[in-house]
Amino acid sequence: SVPTPMVELGANLLVNPDFEAPILVDGVSGWAVHSRHVAGVFSAQGQDGQAYCSQQNLGESEAVGWVGFAQDVVMAPDTLYLLKGELLYENAVQLHVLVEWRSNDQQVGREILYNVGGIPPDGITAGAWMPFEVMFRSPGGIDEGRIHIWHGVINNQTNVPGGQFCADNFWLSTVIE
């Protein structure tokens, strides 16, 4: 068999990647609350210390709601990156880890990197921490990426009452090619 080549990684580009510091609206800890809807963001026991969680609460008449947290990271154009972490979720609907590509403080695109597509109204539940890992290449012309971890629903016709996810041990780095 042919041996798998080793991947050489740069330093972790995320601030507070283990979610040990509180997540605040102002993003002082690196991560900021991101919400198109009233959401609870709270700490919980993680794999090795603290994790951070997001809970979604939608009412009967609400059709759209996205909640979670995000972090802006200086990124180079046309560069290979690795993003990995661990997620724990309960009744989650459309849980995404995505990057919003930015240039001069303006969004120029977005890419879903990892998706857990629970189906309303019950969503999907993982009874243990679920690791994920994805490599992706940044497009030309960008200078920043906004890493989002969020969940929510569109056209909430089935009246999803909520759901939550927790995140821990995130890592974002360049891959040296």
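Scroll up a little and you will see the structure.
Basis of the calculations
- Residues numbered from 1 in each chain as written.
- Predicted model: local features only at pLDDT ≥ 70, side-chain atom pairs only at ≥ 80, totals over all residues.
- Heavy atoms only, no water.
- Helix = DSSP H or I, 4+ residues; strand = E, 2+ residues; numbered from the N terminus.
- Buried < 20%, exposed > 50% of the residue type's maximum accessible area, 1.4 Å probe, protein only.
- Lys, Arg positive; Asp, Glu negative; His and termini not counted.
- Salt bridge = Lys/Arg side-chain N within 4 Å of Asp/Glu carboxyl O.
- Contact = heavy atoms within 4.5 Å.
- Phe/Tyr/Trp six-rings, centres within 6.5 Å; stacked < 30°, edge-to-face > 60°.
- Core = buried A, V, L, I, M, F, W, Y, C linked by side-chain atoms within 4.5 Å.

J.: Can you help me understand the side chain of D168 in this one?
T.: Relative to the helices and strands, D168 resides in strand β11 (residues 162-176). Buried charge D168 goes without a salt bridge, the closest partner of opposite sign being K84 at 13 Å. Filtering out sequence-adjacent residues up to four positions away, D168 remains in contact with P17, D18, F19, G46, Q47, D48, Q50, A51, G85, E86 and W129.

J.: I'm lost on the packing of aromatic side chains in this one. Help?
T.: For any two aromatic rings, the description comes down to two numbers: the centre-to-centre distance and the angle of the planes. Following the criterion strictly, the structure yields 10 aromatic pairs and no others. Relative to W31, the ring of F19 has its centre 5.0 Å away and its plane inclined at 20°; by these criteria the two rings are stacked. Taken as a pair, F19 in the loop between β1 (8-9) and β2 (32-35) and W31 in the loop between β1 and β2 lie far apart in primary sequence, 12 residues in all. Ring geometry for Y81 and F136: centres 5.8 Å apart, planes at 20°, overall stacked. Of this pair, Y81 sits in strand β6 (residues 80-90) while F136 sits in strand β9 (residues 130-137), and the two are 55 residues apart along the sequence. There is no split in this pair, since Y81 and F136 are both buried. A connected cluster of aromatic rings, assembled from ring pairs, spans F19, W31, F69, Y114, F132, F165 and F170.

J.: Can you help me understand the nonpolar core in this one?
T.: Side chains of a nonpolar character, in soluble globular proteins, are inclined to be buried together. Of all hydrophobic cores here, the largest spans 29 residues; its most connected members are L83, L87, I149, F170 and L172. Secondary structure elements with two or more residues in this core: β5 (64-74), β6, β7 (95-103), β8 (106-116), β9, β10 (144-154) and β11. Beyond its immediate chain neighbours, meaning those up to four positions away, L172 contacts A11, N12, L13, L14, V73, M75, Y81, L82, L83, F136 and I147.

J.: I tried to follow unusual backbone geometry on my own but got confused; where do I start?
T.: Trans peptide bonds make up the majority, and among non-glycine residues the majority have a negative phi. A positive phi angle, close to 50°, is found at D78, a residue other than glycine. Turning to its location among the elements, D78 is positioned in the loop between β5 and β6. Positive phi values are uncommon outside glycine, yet N169 reaches one of about 50°. With respect to the helices and strands, N169 occurs in strand β11.

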